[in-house]
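Summary of the model geometry
Each chain, written out:
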Amino acid sequence: MEIRQMENFIVVCEELHFTRAADKIGISQPTLSQQIRALEDELGVPLFDRVGKKIVMTQAGTLFLEHCVQMVRHIQNTQDALAEFRNDQRGKLVIGVLPSDLDYRLTPLLVHFHARFPKVKLKVVSSIYVINQVLDNEVDIGIELTSPPDDRLVRIPLSSEEYVLVVSENHAWADRKEIGIKELHDIQTVMFPEGFTGRELVDGYCRKYGFTLNTIMETSSATSIISLVKANVGGTVLPYPLIKAMNEPALRIIRISDDAPYRHFEIIHRSDRYLTQSAKAFIEKTIEYFNQD
């Protein structure tokens, strides 16, 4: 049994279609089918039930998939460790972060890391599904809001950040320094769409007080939200450190005095994933960066 066979088997399980899987791998469909038959002959059990052009995994196939994923991951971890030793900390590090924080907050962190590890190719992916990307091994490290415990993850707290109301310098409330949370009901807002983590957090606070935000416009871009607020279309509710990092003189920040929403950041990685020295250094730099915020 070869590693390549196991990797190809995993792709077939993902696609549940030999032709699509063969195209994805870059080999012919007959070659792929022959590899799977060879695996089944070696294991002595069928891995798929074939119904016409469709296939479904057998119980044996499901069990074999679980162990294949673990073996392939262990081999990748070994290769990563050896590559780091061989290449003097060269390599690639993939980081998942929330879109708005990538746009406005993390550039200094990335600059400092590159200065320390110039040979490491750093890829930063913005996503609202950071945890899933870490669990699916699409990214090495994630910077995400705190979520329920998961034994598959190592989680390191970073910071707690207060949400504030943000309005234009021309808004009727521009001179106010603070409001009560119930007053959010009385202002038109521009927000991230429902389903975004920050939006859900703010909505949850509002529901505790029996109201919902009067949101007149939604956009998935923090840049668009701020542009709309500056144009006095409405206010928005965002974390104070994020607004501070934007350094926009046309914005006014109003504290929520009685029960301000807070978001709690953490850095995460899979508990079974090998961490290179550069990955460990990135985690350390991130902790330092958020602590000085």
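Residues numbered from 1 in each chain as written. Predicted model: local features only at pLDDT ≥ 70, side-chain atom pairs only at ≥ 80, totals over all residues. Heavy atoms only, no water.

1. Details of the packing of helix α1 (residues 3–15) against helix α3 (residues 29–43)
To describe two helices that pack against each other, one gives the angle between their axes and the distance between the axes. To keep it simple, the criterion reads: Axis definition: a line fit to C-alpha positions, over the contact stretch in the case of helices; interaxial angles, taken between N-to-C directions, run 0 to 180 degrees. Comment: elements are numbered from the N terminus, with helices defined as DSSP H or I runs of at least four residues and strands as E runs of at least two. Orientation categories follow fixed angle ranges, with anything under 35 degrees roughly parallel, anything over 145 roughly antiparallel, 65 to 115 roughly perpendicular, and all other angles oblique. A contact between two residues is defined here by any heavy atoms of the two lying within 4.5 Å. Here the nonpolar group is Ala, Val, Leu, Ile, Met, Phe, Trp, Tyr, Cys and Pro; Asp, Glu, Lys and Arg are the charged ones; every other residue, Gly included, is treated as polar.
Axis separation between α1 and α3 bottoms out at 10 Å; the angle between their running directions is 110°. Taken together, the axes of α1 and α3 are roughly perpendicular relative to one another. Mapping the contact onto sequence places Q5, N8, F9 and V12 in α1 and L32, Q35, I36, A38 and L39 in α3. Residue composition of the contact of α1 with α3, grouped by class: six nonpolar, three polar and no charged.

2. Structural notes on the packing of aromatic side chains
The description of an aromatic ring pair rests on the distance of the ring centres and on the angle between the ring planes. Rules: Any two rings among Phe, Tyr and Trp, with Trp reduced to its six-membered ring, count as a pair given centres within 6.5 Å; such a pair is stacked if its planes are under 30 degrees apart, edge-to-face if over 60, and tilted if neither. Accessibility here uses a 1.4 Å probe with only protein chains present; expressed as a share of the type maximum, an area under 20% marks a residue as buried, one over 50% as exposed, and anything in between as partly exposed. Lysine and arginine charges are scored as sitting over a ring when NZ or CZ, respectively, is within 6 Å of the ring centre and within 35 degrees of the ring normal.
In this structure the tally under the stated criterion is eight aromatic pairs. Centroid distance F192 to F196: 5.5 Å. Interplanar angle 5°. Geometry classified as stacked. Taking 5.8 Å as the distance between ring centres and 85° as the angle between the ring planes, the aromatic pair formed by Y289 and F290 counts as edge-to-face. Taken as a pair, Y289 and F290 share a single burial class, namely buried. Counting every residue linked through ring pairs, the aromatic cluster contains F9, F18, F48 and F64. Lying over the aromatic face of F117, R116 brings its terminal NZ or CZ to 4.3 Å of the ring centre. Here the basic side chain of R176 rests over the ring of W173, its NZ or CZ set 5.2 Å away from the ring centre.

3. Brief notes about the nonpolar core
Going by this rule: We call a set of buried residues a nonpolar core when its members are Ala, Val, Leu, Ile, Met, Phe, Trp, Tyr or Cys and they connect through side-chain atoms within 4.5 Å of each other.
Residues L93, I141, I143 and F282 are the most contacted members of the largest nonpolar core, which totals 30 residues. By residue number, the principal contributor to this core is helix α11 (residues 277–292), which donates six residues. Apart from residues no more than four positions distant in its own chain, F282 is found in contact with L93, I95, L109, L110, F113, L122, I141, I143 and I267. The next biggest cluster of nonpolar side chains, apart from the first, holds 19 residues, and it includes V11, L32, F48 and L65.

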